[in-house]
Amino acid sequence: MKLHEYQSKQIFSRYGIPIPKGRVASTAVEARQIAEELGGRVVIKSQVLVGGRGKAGGIKVANDPAEAEAFATQILSMEIKGLPVRKVLVDEAAAIEQEIYLGITNDRAFKKPVIMASSAGGVEIEEVAKTDPDKIVKMHINPLIGIKDYHARDIAAGIDLPREHWKQFGEILKALWQVYNDHDATLAEINPLIIGKDKKLKALDGKMLIDDNALFRHPELSEMRDTDEDAPSEVEARKYGLTFIKLDGNIGCMVNGAGLAMASMDILKLFGGDPANFLDIGGGAGADKVSAAMRIILSDPNVKAILFNIFGGITRCDEVAKGILIAMAEVKPKVPMVVRLVGTNAKEGRAMLADANMITAETLADAAQKAVNAAKGVQS
Ligand code: GDP
Ligand code: MN
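Since this is a predicted model, take the numbers as computed values, not measurements.

(A) Structural context of the sheet that holds strand β2 (residues 22-25). The strand order across the open sheet formed by four strands is β2-β7-β3-β4, and the pairing between neighbours is antiparallel. Among the strands making up the open sheet, the edge pair consists of β2 and β4 (59-62). Averaged over all neighbouring strand pairs, the angle between strand axes comes to 20°, with direction disregarded. Both strand β3 (residues 42-46) and β4 contribute to a ladder of four bridges, which runs antiparallel. Residue pairing in the sheet places V42 in a bridge with A62 of β4. Running over the sheet, helix α2 (residues 28-38) touches β2, β3 and β7 (88-92) and is turned about 170° from β2.

(B) Layout of the packing of aromatic side chains. With the rule as written, the count across this model stands at one aromatic pair. Ring centres of W177 and Y180 lie 5.9 Å apart, and the angle between their planes is 25°; on these two criteria the pair is classed as stacked. Taken together, the positions of W177 and Y180, both in helix α6 (residues 166-182) and three residues apart, correspond to about one turn of that helix. Each of the two residues, W177 as well as Y180, counts as buried. Against the face of W166 rests R163, its NZ or CZ located 4.4 Å from the ring centre.

(C) Geometry of the site of ligand 1. Around ligand 1 there are 15 residues in total, and K45, R53, G54, A94 and E99 lie nearest to it. One of the side-chain N or O atoms of E99 is found 2.6 Å from an oxygen atom in ligand 1. Measuring from an oxygen atom of ligand 1, one finds a backbone N or O atom of N191 at 3.1 Å. Isolated, ligand 1 exposes 570 Å² of accessible area, and the fraction of that covered by the protein chains is 79%. Its residues assigned to classes, the shell around ligand 1 comprises seven nonpolar, four polar and four charged.

(D) Up close: the coordination of the manganese ion (ligand 2). Taken together, the protein ligands of the manganese ion (ligand 2) are N191 (O) and D205 (OD), with distances of 2.2 to 2.3 Å. Remark: D205 occurs in the loop between β12 (201-203) and β13 (207-210) and N191 occurs in strand β11 (residues 185-196); sequence separation between them is 14 residues. With a relative accessible area of 8%, N191 lands in the buried category. A residue is classified by how much of its surface remains accessible, and D205, at 19% relative accessible area, is buried.

(E) Broad picture of a nonpolar patch on the surface. Taken together, the side chains of L144, I145 and Y150 define a hydrophobic patch exposed on the protein surface, amounting to about 370 Å² of accessible area. Note that L144 resides in the loop between β10 (136-140) and α5 (149-158). Taking relative accessible area as the criterion, L144 reaches 84% and is therefore assigned exposed.

(F) Quick peek at the packing of helix α9 (residues 258-270) against helix α13 (residues 364-375). Taken N-terminus to C-terminus, the directions of α9 and α13 make an angle of 55°; their axes are 9 Å apart at the nearest point. In terms of orientation, α9 lies oblique with respect to α13. In the packing of α9 onto α13, the handedness of the crossing is right-handed. Counted together, S264, I267 and L268 of α9 and L364, A365, A368, A371 and V372 of α13 form the full contact between these two elements. Among the residues forming the contact of α9 with α13, the class breakdown is seven nonpolar, one polar and no charged.

(G) Expanded view of the packing of α2 against helix α3 (residues 65-76). Where α2 contacts α3, the axes come no closer than 8 Å and their chain directions differ by 145°. In the packing of α2 onto α3, the handedness of the crossing is right-handed. Only P65, A66, A68, E69, A72, T73 and L76 of α3 make contact with α2, whose side of the interface consists of A28, V29, A31, R32, A35 and E36. Tallied by class, the residues present in the contact of α2 with α3 amount to nine nonpolar, one polar and three charged.

(H) Structural detail: the pattern of salt bridges. Enumeration over the complete set of coordinates arrives at 20 salt bridges. Between R217 and D184 there is a salt bridge; the shortest N-O distance is 2.9 Å. With R217 in the loop between β13 and α7 (219-222) and D184 in the loop between α6 and β11, this residue pair connects regions lying 33 residues apart in the sequence.

(I) View of the domain arrangement of the protein chain. What the domain assignment reports for the protein chain is domain 1 (21-92), domain 2 (96-222) and domain 3 (231-375). With centres defined by C-alpha atoms, the gap from domain 2 to domain 3 works out at 43 Å.

(J) Broad picture of the layout of surface pockets. One number sums up the size of the largest pocket: a volume of about 1,100 Å³. Together, 44 residues line the largest pocket, and G52, R53, G122, N191 and D205 are the ones closest to its centre. In the lining of the largest pocket, the residues fall into 20 nonpolar, eight polar and 16 charged. A domain split of the lining of the largest pocket shows at least three residues from each of domain 1 (21-92) and domain 2 (96-222). Here the second largest pocket defines a volume of roughly 600 Å³. Lining the second largest pocket are 19 residues, with D212, R225, R238, T243 and F244 positioned closest to its centre. For the lining of the second largest pocket, the elements supplying multiple residues, two or more each, are α8 (232-239) and β14 (243-246).

The rules we used
- Residues numbered from 1 in each chain as written.
- Chains lettered and ligands numbered in written order.
- Predicted model: local features only at pLDDT ≥ 70, side-chain atom pairs only at ≥ 80, totals over all residues.
- Heavy atoms only, no water.
- Pairing = 2+ DSSP bridges.
- Helix = DSSP H or I, 4+ residues; strand = E, 2+ residues; numbered from the N terminus.
- Axes fitted to C-alpha atoms, helices over the stretch in contact; angles between N-to-C directions.
- Contact = heavy atoms within 4.5 Å.
- Phe/Tyr/Trp six-rings, centres within 6.5 Å; stacked < 30°, edge-to-face > 60°.
- Buried < 20%, exposed > 50% of the residue type's maximum accessible area, 1.4 Å probe, protein only.
- Lys NZ or Arg CZ within 6 Å of the ring centre and 35° of its normal.
- Near = heavy atom within 4 Å.
- Polar contact = N/O pair within 3.5 Å; in protein donor to acceptor, adjacent residues only side chain to side chain.
- Areas by Shrake-Rupley, 256 points an atom, 1.4 Å probe, with all protein chains shown as cover.
- Nonpolar A, V, L, I, M, F, W, Y, C, P; charged D, E, K, R; others polar.
- Donors = N, O, S within 2.8 Å, 3.2 Å for Na, K, Ca; no water.
- Patch = residues over 30% accessible without salt bridge, like charges linked within 9 Å, V, L, I, M, F, W, Y side chains within 5 Å.
- Salt bridge = Lys/Arg side-chain N within 4 Å of Asp/Glu carboxyl O.
- Parallel < 35°, antiparallel > 145°, perpendicular 65-115°, else oblique.
- Left-handed = near helix turned anticlockwise from the far one by under 90°.
- Domains from an automatic or database assignment.
- 1 Å grid on protein atoms, 1.4 Å probe; cavity = no way out; pocket = protein on both sides within 12 Å on 5 of 7 lines; lining within 4 Å.
- Points joined across faces, edges and corners; volume = space filled by probe spheres on them.

Structure below.
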């Protein structure tokens, strides 16, 4: 889950990282009022969950409240990389001497968090990695030790930060690590961290990614979720506790267990098919979850066939069958459906579906082949 800039910076601020004074606005009039309160020059910043807002014209410096209102009007009517701008952050404008990049992310290969820093801040770090890889300093973090002064000094020296800023840089780096750790983040990034003309460091931009699997520990963060950039079917699936990812193929998949779901997709591909989604209904799903899942799959107009692959362990095949029947009565699907039920109460489940005009299959390979043929409109 991504947090907006203003949300990330609020969290940073609570941990003692200096940020510009400012507030978020949903209308141009509000933006003007905030500009009046702040006095002086302000930056109007689109709050959308994509990078490169500056380049896209989504960030503008206004000299007075009237200009702030005009820019806010303009930015609030923009779409950036397909996302509508619904809010702008109005921040006190900063006088910048230098822009630095500072971020902490997960390094999966090393199984450790890693600090990344660069004197070439302001531009996206992927860009720096391409054009100027030597300008990026990396250091892995041992989570049991955290960040000590000597780590911070090494990084500061590595990016040629003038010595007068080392102390404040160290405080900010330690705070960023706390932010990262406390929120189960997979990214906490300040880009740019600026050295101001006033010789002070400040986080001008903020970005955080939170591990979705840890969100149950952070209800206050779940509430901040902006679903604007998620597929509507994914938003709906989340409500029912389904793990669903929309894909571009034409065979809808309903499977229990993430591993089995992946295997089902692989086998569809092997036989020349193309899955329309990843869906794990989870262990022990009842009829309500199954019918919700089916509605979600069928809401995708690309879907030409559905493959049900249920291995009943904790999940009972008769419950799944019941869910399928409920959903069929509701949505009256017109696409062919291939079902493979094995395991707990499979016999009962199959009996319930006997009159449902479904294509039955015994093995996964058999089921996948039948689904691929069905999606092509071939009888099998
Ligand atoms: P991003 O383009 O989405 O990463 O948005 P940022 O918040 O990082 O802003 C992009 C760039 O705009 C920064 O790197 C700065 O160069 C510039 N910028 C942002 N805020 C200010 C400000 O208060 N004063 C000045 N002079 N420049 C700013
Ligand atoms: Mn930025």
